[in-house]
Amino acid sequence: MANIYGDEKKNGARAQWEKMKDAPMKDKIQYIIQYYGIAIVLTIIGLWMVTSLVKNIIYNSVPNIIAGEFYSYSISETDGYEELRLKICEKMGVEESGYHIDIGGIAYASDNAEQAMTQLQKIMARMSAGDLDFLVGTSDFMTGYMYNGEDQDDPEYPFEDLSTILPAELFEKLDSEGRILYYKAASGDIPFAVSLSNSYISRLLDIPDGIENYASFVVTGKNREAFAAMLEVMLEN
């Protein structure tokens, strides 16, 4: 586009704007794009990067109240997460604004080995880093994890014995309702998972009742009290 308003280098930006005061809006926009387009784009990108960085810093500075993965159903972040976070905080008697929640999920195709392996590697990495409090999956999947832990001279199970980490009253209630899944180890039966079928959490996250879900606490998990509170909340009617 020809510079009908003169050479900016000679006249300066101020002079250019003076000449453009009465120009049609179309010409003003063309002028801005021609002379300041790159600067505007870079400024926008810079602001976006700074904003994202600040948001990440603020988010990461707030600890998780609980962190977990669903391995049997794909869930996306919804208002249900916020409701669950508030209920857990209330149950624990802690300040709501002091915590966030980290729960995700994926439905994998049993015949897609690559997808299943990718998700397993992600879960194992989080477990090793102590970045995962609980894991949810089918009974076969969860039992398989326990079996792999026993397949060595000194068994190292990936999930905690729930009778040792849950309040006795809560454990007995869950057991009496038939929600506790046991692993038949050489040393005796280990209660390691809780059924989430027909529960508050299933309704909250829109998980169909036909999808079997069991929750276990990871041995490297940090938030035991929050897990117990979450189970109480999740199993409310």
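Scroll up to find the structure this text is about.
Residues numbered from 1 in each chain as written. Predicted model: local features only at pLDDT ≥ 70, side-chain atom pairs only at ≥ 80, totals over all residues. Heavy atoms only, no water.

Q: I tried to follow the layout of surface pockets on my own but got confused; where do I start?
A: Where empty space is left can be seen by rolling a probe of water-molecule size over the atoms. Put simply, the largest pocket is a space of about 370 Å³. In terms of lining residues, the largest pocket is bounded by 17 residues, among which Met124, Met127, Tyr145, Glu156 and Pro158 are the most central. Secondary structure elements with two or more residues in the lining of the largest pocket: helix H4 (113-128) and helix H5 (139-150). Among the residues forming the lining of the largest pocket, the class breakdown is 9 nonpolar, 6 polar and 2 charged. (1 Å grid on protein atoms, 1.4 Å probe; cavity = no way out; pocket = protein on both sides within 12 Å on 5 of 7 lines; lining within 4 Å. Points joined across faces, edges and corners; volume = space filled by probe spheres on them. Helix = DSSP H or I, 4+ residues; strand = E, 2+ residues; numbered from the N terminus. Nonpolar A, V, L, I, M, F, W, Y, C, P; charged D, E, K, R; others polar.)

Q: Would you mind showing me how to read the pattern of salt bridges here?
A: Oppositely charged side chains may form a pair once their charged atoms are brought near each other. Per the stated rule, a full pass over the model turns up 8 salt bridges. In this structure, the salt-bridge partner of Arg126 is Asp102, at a minimum N-O distance of 2.7 Å. Of the two residues, Arg126 sits in helix H4 while Asp102 sits in strand S2 (residues 100-105), which places them 24 residues apart along the sequence. By relative accessible area, Arg126 is classed as buried at 10%. Glu160 is paired through a salt bridge with Arg224; the nearest N and O atoms lie 2.4 Å apart. Taken together, the positions of Glu160 in the loop between H5 and helix H6 (162-165) and Arg224 in helix H9 (residues 224-234) put the pair 64 residues apart, joining distant regions of the chain. Glu160 sits in the buried class, given a relative accessible area of 14%. (Salt bridge = Lys/Arg side-chain N within 4 Å of Asp/Glu carboxyl O. Buried < 20%, exposed > 50% of the residue type's maximum accessible area, 1.4 Å probe, protein only.)

Q: Where do I start with the side chain of Arg85 in this structure?
A: Looking at where Arg85 falls in the secondary structure, it is placed in helix H3 (residues 79-92). Beyond its immediate chain neighbours, meaning those up to four positions away, Arg85 contacts Ile65, Glu96, Ser97, Tyr99, His100 and Ile101. (Contact = heavy atoms within 4.5 Å.)

Q: Help me understand helix H7 (residues 168-176), please; the structure alone is not making it clear to me.
A: Residues separated by three or four positions in an α-helix point in the same direction, a consequence of the helix having 3.6 residues per turn. Looking only at H7, the buried set comprises Leu170, Phe171 and Leu174. Take H7 and look down its axis: the buried residues cluster within an arc of 100°, on one side only. In H7, the exposed positions that point more than 90 degrees away from the buried face belong to Ala168, Glu169, Glu172 and Ser176. Buried residues along H7 sit in contact with H6, strand S4 (180-185), strand S5 (188-195) and H9. Backbone geometry just after H7 places Gly178 at a positive phi near 75°. (Arc of directions from axis to C-beta.)

Q: Any chance you could explain the packing of aromatic side chains here in plain terms?
A: The geometry of two aromatic rings is summed up by the distance between their centres and the angle between their planes. Applying the stated rule across the entire model yields 8 aromatic pairs. A ring pair is formed by Phe70 and Phe134, whose centres lie 6.5 Å apart and whose planes are at 90°; its orientation type is edge-to-face. Separated by 64 residues along the polypeptide, Phe70 in strand S1 (residues 64-70) and Phe134 in strand S3 (residues 134-137) bring together distant segments of the chain. When the centroid spacing of 6.3 Å and the interplanar angle of 15° are considered together, the rings of Phe159 and Phe192 count as stacked. (Phe/Tyr/Trp six-rings, centres within 6.5 Å; stacked < 30°, edge-to-face > 60°.)

Q: When you look at the nonpolar core in this model, what are you seeing that I'm missing?
A: Across soluble globular proteins, nonpolar side chains show a tendency to be buried alongside one another. Ranked by internal contacts, the top residues of the largest apolar core, which has 36 residues, are Ile66, Phe70, Leu84, Ile88, Leu166 and Phe227. The greatest single-element share of this core, amounting to 8 residues, is contributed by H9. Apart from residues lying up to four places away in sequence, Leu166 is in contact with Phe171, Leu174, Phe227, Ala228 and Leu231. (Core = buried A, V, L, I, M, F, W, Y, C linked by side-chain atoms within 4.5 Å.)

Q: How do you make sense of the environment of Pro167 when you look at a structure like this?
A: Here Pro167 shows up in the loop between H6 and H7. A relative accessible area of 41% places Pro167 in the partly exposed class. Each C-alpha atom of the pair Pro167 and Ala228 lies 7.6 Å from the other, and the pair is 61 residues apart in sequence.

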